[in-house]
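Structural characterization, general
If you want the building blocks of each chain, they are given just below.
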Amino acid sequence: MELEIMPGKVAKPKTRLSSVANAIRLIKVFSDDRYEIGISDLGKRLQLPKSTVHRLASTLVEAGMLEQNTESGKYRLGLVVFELGSLVRRKMDFSSEAKSFLMELREKTGETVHLAILDNASIVYINSLESKQAIRMTLEVGMRKPAYTTAAGKVMLAFQTEETLNRLLAAGLKEFTANTIVDPEAFRQELALIRTRGHAIADEENELGVRSLAAPVRDHFGVVIAAASIAGPAHRLTKKVLTSFIPDVVSAADAISGRLGYRPLRLTRMHQLG
């Protein structure tokens, strides 16, 4: 039985979580075959009281997640759900567009290659192509890592706003290995160097025995939205070998950026005209 919230009472965490879970269940009921559904039918499918379903539906309508047919009184998915779905689709399309360049980078370097995006203080891998070598880095799509400990994360953080960086540093930088940069000022200096060089290196900062190299991926506005990177065992990716791969990683990231419409010369000319 769902706990009712009385006026003037503070909702308990368990109650709030239950309401969120039921709201998600309600949204997932809709499909091509069930485009519009009434309160009674929703209640039966969710096995919830009509009053509870009505309250959930009203909240979702206010949020734009649902719309109500004024004639039939039935509900259908709202524009916000469509917008969120389009956002996910764009991310998937973006990953697909990058795949050929990532495959080429893997062939050139022989190492595992990734495409990652920034999500608050973490990076999320949206594409991963494993090295064909016996000893290799293995990371699944969807896996997260603290951004400040990886080359991909650092190269994206280097181009974030001061506000974003301040939030990250205020939360503190946890040490994962002896090489993890945990001093805020040292980390700021590291990001300044990355902005100048146009690439980032993580030298066993997240995990001992693993090195990575990354370059920024930009959208058609020139905003850094992702990072292309390679990662592998430190005994094979020595600092000398890693440095030799910088042009390849930067070239792959630039090629993906170009595919997304980024034209640095055009932007420079526009600034000159302005």
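Above this text is the structure in question.
Residues numbered from 1 in each chain as written. Predicted model: local features only at pLDDT ≥ 70, side-chain atom pairs only at ≥ 80, totals over all residues. Heavy atoms only, no water.

1. Notes on the nonpolar core
Across soluble globular proteins, nonpolar side chains have a tendency to be buried as a group. Rules: Remark: nonpolar core denotes a set of buried residues (Ala, Val, Leu, Ile, Met, Phe, Trp, Tyr, Cys) joined through side-chain atoms within 4.5 Å. The cut-offs for exposure are 20% and 50% of the maximum accessible area for each residue type, with area from a 1.4 Å probe on protein chains only; residues under the lower value are buried, those over the upper are exposed, and the others partly exposed. Strands here are runs of E lasting at least two residues and helices are runs of H or I lasting at least four, both read from the DSSP assignment and numbered beginning at the N terminus. Contact definition: two residues touch when any of their heavy atoms are within 4.5 Å.
Ile 123, Val 155, Met 156, Leu 157, Leu 168, Phe 187 and Leu 191 are the most contacted members of the largest nonpolar core, which has 28 residues in total. Listed by contribution, the elements that provide at least two residues to this core are β4 (122–129), α5 (151–157), α6 (162–171), α7 (184–197), β6 (200–203), β7 (210–218) and β8 (224–233). No other element matches the five residues that α5 contributes to this core. For Phe 187, the contacting residues outside a window of four places in its chain are Tyr 148, Lys 154, Leu 157, Leu 165, Leu 168, Leu 169, Leu 173 and Ile 181.

2. A short note on the sheet that holds strand β5 (residues 144–146)
Put simply, the rule reads: When DSSP finds at least two bridges between two strands, those strands are taken to pair. Simply put, an axis is a line fit to the C-alpha atoms, just over the touching stretch for a helix, and the angle between two N-to-C directions goes from 0 to 180 degrees.
Strand order across the open sheet formed by six strands is β5-β4-β3-β8-β7-β6, with antiparallel pairing between neighbours. The sheet is open, and its two borders are formed by β5 and β6, each paired with just one other strand. Adjacent strand axes in the sheet meet at a mean angle of 30° when their direction is disregarded. As paired elements, strand β3 (residues 112–119) and β8 share five bridges and run antiparallel to each other. Directly across from Leu 115, in β8, lies its bridge partner Ala 228. The strands that helix α9 (residues 246–259) touches are β3, β7 and β8; relative to β7, the one it contacts most, it runs at about 30°.

3. As for the pattern of salt bridges
The cut-off we apply is this: A side-chain nitrogen of Lys or Arg and a carboxyl oxygen of Asp or Glu constitute a salt bridge if their distance falls within 4 Å.
Applying the stated criterion across every chain, the model contains 14 salt bridges. Among the salt bridges present, the one from Arg 76 reaches Glu 67, with a minimum N-O distance of 3.2 Å. Judged by its relative accessible area of 27%, Glu 67 falls in the partly exposed class. Lys 239 is the partner of Asp 203 in a salt bridge, and the nearest nitrogen-oxygen pair spans 3.5 Å.

Function-wise, these values are silent; they only describe arrangement.
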